[in-house]
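The lines below spell out each chain.
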Amino acid sequence: MKYDLIDNSLYTKNRKNFMSKMKPNSLAVFNSNDIYPISADSTMPFQQARDIFYLSGVDQDKSILVLFPDAPNKKHREILFLTETNDHIAVWEGEKLTKEKAFDTSGIKTVYWLKEFEKVFFEIMTQCETIYFNTNEHYRANVETQTREARFIDWCKQKYPAHQVAKSNPILQRLRSVKDQIELDQMQKACNITEKAFRRTLGFVKPGVWEYQIEAEMMHEFLNNRSQGFAYTPIIASGNNANVLHYVENNQQCKAGDLILLDTGAEYANYSSDMSRTIPVSGKFNARQKDVYNAVNRVKNEAQKMLIPGTIWADYHVEVGKLMTSELLGLGLLDKADVKNEDPDWPAYKKYFMHGTSHHIGLDTHDYGILTEPMQANQVFTVEPGIYIPAEGFGIRLEDDLVIQEKGEPFNLMRNIPIEVEEIEDLMNS
């Protein structure tokens, strides 16, 4: 890992909160991710499963966390199972966590080597009635590959068919959506790295550069600041490419007079940032581009004021739609007849702003959170309105990451990242 070790009090607190929601005489199991193969002996870079990281801080493959708050043996109430490190592994792969380092990382005292798992697990399964399985129930989940977690669930159901089964995910959806201050500090670091990359980009962009060169400039800044890289596949979309919402080819040349939509963000310590900015290739917006840009910015500024405790996500989007409709009327993109005759299930503004305004963000870019429940303090949401006009050859999206406060407007983790037209133009021409 490139990041500084996080205070293990965070994970101790997270486990305590999770265990307080468990049924009596139950245990929960959390598995790390696999290292996924590409071909031959090549693999993808390891990415830890966010739930085991949230509960332990362990950022290592082939790791298992077991929580059993009612275990008769006190040392079995929190257990880590890890790959045993040795001199051979240290030479070829780098040293794995020792039991001492695992405690420093997680605050968990009981650590077994993975080869002991089935023996210890059998013992504790004879002592419990219910097992919590950790399935992925995120509203955007689309999993085709069988994960290590899924293989464990299949094995456990066959091995222990008489146990009652419960779900970890609803507990984690609620817990993970509300951030601890330590988590907010990591997210602020991710946003600060993103700011550095964006400022570097403003000084780099000019007519003739290629989208992938901009991506490279940002990646340089990310790695130079202890990030592993982009929190998600970056979008560097010049000209009409911005009207493809998930454009990720990043292989076109940026032409004078065009705009570039940047949807990028650094990760730090597995926490995500998610920024969108739209900048002029030539360093100046023309009058039409500026009018549309400022309209999007006004919607963003008004929308983020609604991120307060008690707000319902679906109602919030209805209100944002009203703001956007007003701006589109002002820009001449809609007329009153369009609005009067609109389909309630697909309002007129959706022609130019077809995606949602906000999503939870945290350990995942589209983080855990139950959208049907009211917003709470210390949840973090993006705000990302956009206007996309293929007929005019450009699209504009602006996005910041905001922390809901107990009272008042949300706190903007991206408050220092340039967004106003004048500031962007001044920085690009300085």
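Residues numbered from 1 in each chain as written. Predicted model: local features only at pLDDT ≥ 70, side-chain atom pairs only at ≥ 80, totals over all residues. Heavy atoms only, no water.

The test is simple: UniProt positions are given in the numbering used here, feature names are shortened, and annotations may be inferred rather than shown by experiment.
Going by what an unreviewed UniProt entry lists, the protein chain is known as Xaa-Pro aminopeptidase and is assigned to Gillisia mitskevichiae. The record in UniProt for the protein chain states the following under Cofactor (unreviewed entry): "Mn(2+)".

Details of empty space enclosed by the protein
Which entries qualify depends on this criterion: Put plainly, a pocket is an open set of points on a 1 Å grid over the protein atoms alone with protein on both sides within 12 Å along at least five of seven lines, a cavity is a set where a 1.4 Å probe fits but cannot get out, and a lining residue has an atom within 4 Å of a point. Grid points are joined across faces, edges and corners, and a volume is the space filled by probe spheres set on the points. Side-chain classes are defined by residue name, with Ala, Val, Leu, Ile, Met, Phe, Trp, Tyr, Cys and Pro counting as nonpolar, Asp, Glu, Lys and Arg as charged, and the others, Gly among them, as polar.
Applying the stated criterion across every chain yields a total of three cavities of 30 Å³ or more. In this structure, the largest cavity encloses a volume near 50 Å³. Lining the largest cavity are Gln173, Arg174, Ser177, His360, Gly369, Ile370, Glu373, Pro374, Gln376 and Gln379. Looking at the lining of the largest cavity, its residues break down into two nonpolar, six polar and two charged.

Some thoughts on unusual backbone geometry
Our working definition: Labels follow the DSSP assignment, with helices taken as runs of H or I lasting at least four residues and strands as runs of E lasting at least two, numbered in each case from the N terminus.
One non-glycine residue, asparagine 250, lies in the positive phi region at around 50 degrees. With respect to the helices and strands, the residue asparagine 250 is situated in the loop between β9 (235-238) and β10 (259-264). We note that asparagine 378 has phi near 75 degrees; this positive angle belongs to a residue other than glycine. Along the chain, asparagine 378 turns up in the loop between α12 (336-340) and β14 (380-383).

Quick notes on the pattern of salt bridges
So the rule is basically this: Here, a salt bridge means any side-chain nitrogen of Lys or Arg that lies within 4 Å of a carboxyl oxygen of Asp or Glu. Relative accessibility thresholds used throughout: buried, under 20% of the residue-type maximum; exposed, over 50%; partly exposed, between the two (1.4 Å probe, protein chains only).
A complete count under the given rule lists 24 salt bridges for this structure. Here aspartate 34 makes a salt bridge to arginine 151, at a shortest N to O gap of 2.9 Å. Separated by 117 residues along the polypeptide, aspartate 34 in the loop between β1 (26-31) and β2 (37-39) and arginine 151 in helix α6 (residues 148-159) bring together distant segments of the chain. Of the residues examined, arginine 151 reaches a relative accessible area of 35% and is grouped as partly exposed. A salt bridge links aspartate 263 to arginine 397; the shortest N-O distance between them is 2.9 Å. Pair noted here: aspartate 263 is in strand β10 and arginine 397 is in strand β16 (residues 394-397), with a separation of 134 residues, a long-range link. Take aspartate 263 and arginine 397: they sit in the same class, and that class is buried. Each member of the salt-bridge network shares a partner with another, and the members are Asp51, Arg176, Lys179, Asp364 and Asp367.

Quick notes on the pairing of strand β17 (residues 400-403)
To keep things clear, this is the line we draw: In this description, strands pair whenever DSSP reports at least two bridges between them.
Covered by surrounding structure in β17 are Asp400 and Leu402 together with Asp401 and Val403, the residues of both alternating faces. Where β14 meets β17, four bridges bridge the pair, whose relative direction is antiparallel. In the strand pairing of β17, valine 383 is matched with aspartate 400. The sheet contact formed by β17 and strand β18 (residues 411-412) spans two bridges and is antiparallel.

Some remarks on the sheet that holds strand β13 (residues 275-280)
Keep this limit in mind: Angles here are taken between N-to-C directions and fall from 0 to 180 degrees, while the axes themselves are lines fitted to C-alpha atoms, restricted in helices to the stretch in contact. Note on contacts: a residue pair qualifies if any of its non-hydrogen atoms lie within 4.5 Å across the two residues.
The strand order across the open sheet built from three strands is β9-β10-β13, with neighbouring strands paired in antiparallel fashion. Taken across any chain shown, the strands that pair with only one partner, and hence form the sheet edges, are β9 and β13. On average, adjacent strands in this sheet sit at an angle of 15 degrees to one another, irrespective of strand direction. Where β9 meets β10, four bridges bridge the pair, whose relative direction is antiparallel. Note that in β10 the partner of isoleucine 236 across the bridge is leucine 262. Lying over the sheet, helix α8 (residues 181-204) contacts β10 and β13, oriented at roughly 10 degrees with respect to β13. Helix α9 (residues 211-223) rests against β9, β10 and β13 of the sheet, and its axis sits at about 145 degrees to β9.

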